[in-house]
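Breakdown of the fold
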Amino acid sequence: MAVVRSPNSTPISFHRLQWLFPIAATVHNIEEAIWMPGFMAAHGTELPWSVDSGQFRFALVVLTVAAWMITFLGWRTGPQSIWTYLEFGYIVTMLVNVFVPHIPAAVVFRGYAPGVVTAVLLNLPVMALLSRVAIKDRYVSGRKAVAFGIGVPVAIVALVPVLFALGRWL
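Note that the structure is a prediction, hence the values are computed from the model and not measured.

**A short note on the overall build of the protein chain**
For the protein chain, the helix and strand inventory stands at 6 helices and 0 strands. In the protein chain, the order of α-helices and β-strands from amino to carboxyl end is α-α-α-α-α-α. In summary, the protein chain has a C-alpha radius of gyration of 17 Å against a globular reference of 15 Å for 170 residues, a match within 12%. With the C-alpha coordinates of the protein chain rotated into their principal frame, the extents come out at 50 × 30 × 25 Å. For the protein chain, buried positions account for 44% of its 170 residues. Sequence separation of 24 or more characterises 76% of the internal contacts of the protein chain that already satisfy a separation of 6 or more. Carbon and sulfur atoms make up 72% of the accessible area of the protein chain, which amounts to about 9,200 Å² in all. Each charge class in the protein chain was averaged separately, 11 positive and 6 negative side chains, and the resulting centres sit 14 Å apart.

Right under this line is the structure:
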């Protein structure tokens, strides 16, 4: 088992590493914000939803701000807090997001799908590391970690259409 270590060879804690989460999420969301409008224009009839670029970008901004806020609150309140569990759930969401929809979309569309590069090269290793360290450092544990690891992704999936609708009105 690999351990993340600082230059003086001490393990780096989740408390320090957790800031990688909003950084990676932001980079990923920027990739999607840049490339998704053209992708939607080219493949709009093949996608399960239809939104304009403004709606899509509004949802990305809200989700990105939420990642930063939840991380800050988790960082401030520490292990076993509601904010740390929410952050853990969001980390799991971003990890699952690599496999649904990014990799399958690239396969189905036989090429680049917006977000797939950062999903595979950044989110996959970062979110896997963070989820593992959060559990190892006991920032989250047990049934509560499982509940948030399932509940937050489901809640975010349910929230996305609401954010698209709000983006239409703003």
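**Describing helix α5 (residues 116-136)**
The end-to-end C-alpha distance of α5 is 28 Å, a good match for the 30 Å that 21 residues give at a rise of 1.5 Å each. Of all the bends found along α5, the most pronounced is centred on N123 and spans about 45°, while P125, a proline, follows it within four residues. Among the residues of α5, V116, T118, A119, N123, V126, M127, L130, S131, V133 and A134 are the ones counted as buried. Where the residues of α5 are buried, they touch α1 (14-17), α2 (20-43) and α4 (82-108).

**Structural notes on the side chain of T26**
By the element assignment, T26 lies in helix α2. Separated by 2.6 Å, the side chain of T26 and the backbone oxygen of P22 make a polar contact.

**Looking at the packing of aromatic side chains**
The relative placement of two aromatic rings is captured by the distance of their centres and the angle of their planes. Taken as a whole and assessed by the stated rule, the structure comprises 9 aromatic pairs. The interplanar angle of 40° and the centroid separation of 5.4 Å between the aromatic rings of Y85 and F148 together place this pair among those described as tilted. Note that Y85 is positioned in helix α4 and F148 in helix α6 (residues 142-169), a separation of 63 residues in sequence. Clustering of aromatic rings is evident, with ring pairs tying together W19, W68, F72 and W75.

**Focus on the pattern of salt bridges**
Scanning the entire structure with this criterion turns up 1 salt bridge. Residues D137 and K136 are paired through a salt bridge, measuring 2.8 Å at the closest nitrogen-oxygen approach. Residue classification places D137 among the partly exposed positions, given a relative accessible area of 23%.

**Digging into the environment of H15**
By the secondary structure assignment, H15 is in helix α1. For the pair H15 and A134, spaced 119 residues apart in sequence, the C-alpha separation works out to 8.6 Å. Sequence-distant contacts of H15, that is, excluding residues within four places in its chain, are made with W75 and Y139. Polar contacts involving the side chain of H15 include one to the side chain of W75, which spans 3.0 Å.

**Focus on unusual backbone geometry**
The omega torsion of the bond from V100 to P101 falls at 15°, within 30 degrees of zero and hence cis. One non-glycine residue with positive phi stands out, namely Q80, at about 65°. Tracing the backbone shows Q80 in the loop between α3 (53-77) and α4. Residue R110 is not a glycine yet carries a positive backbone phi of 55°. Considering the arrangement of structural elements, one finds R110 in the loop between α4 and α5.

Scoring rules and cut-offs
Residues numbered from 1 in each chain as written. Predicted model: local features only at pLDDT ≥ 70, side-chain atom pairs only at ≥ 80, totals over all residues. Heavy atoms only, no water. Helix = DSSP H or I, 4+ residues; strand = E, 2+ residues; numbered from the N terminus. Rg over C-alpha atoms; globule rule 2.2 N^0.38 Å. Buried < 20%, exposed > 50% of the residue type's maximum accessible area, 1.4 Å probe, protein only. Contact = heavy atoms within 4.5 Å. Areas by Shrake-Rupley, 256 points an atom, 1.4 Å probe, with all protein chains shown as cover. Lys, Arg positive; Asp, Glu negative; His and termini not counted. Charge placed at Lys NZ, Arg CZ, Asp CG, Glu CD. Expected span 1.5 Å × (residues − 1). Bend = angle between axes of the 7 residues up to and from the residue. Polar contact = N/O pair within 3.5 Å; in protein donor to acceptor, adjacent residues only side chain to side chain. Phe/Tyr/Trp six-rings, centres within 6.5 Å; stacked < 30°, edge-to-face > 60°. Salt bridge = Lys/Arg side-chain N within 4 Å of Asp/Glu carboxyl O.

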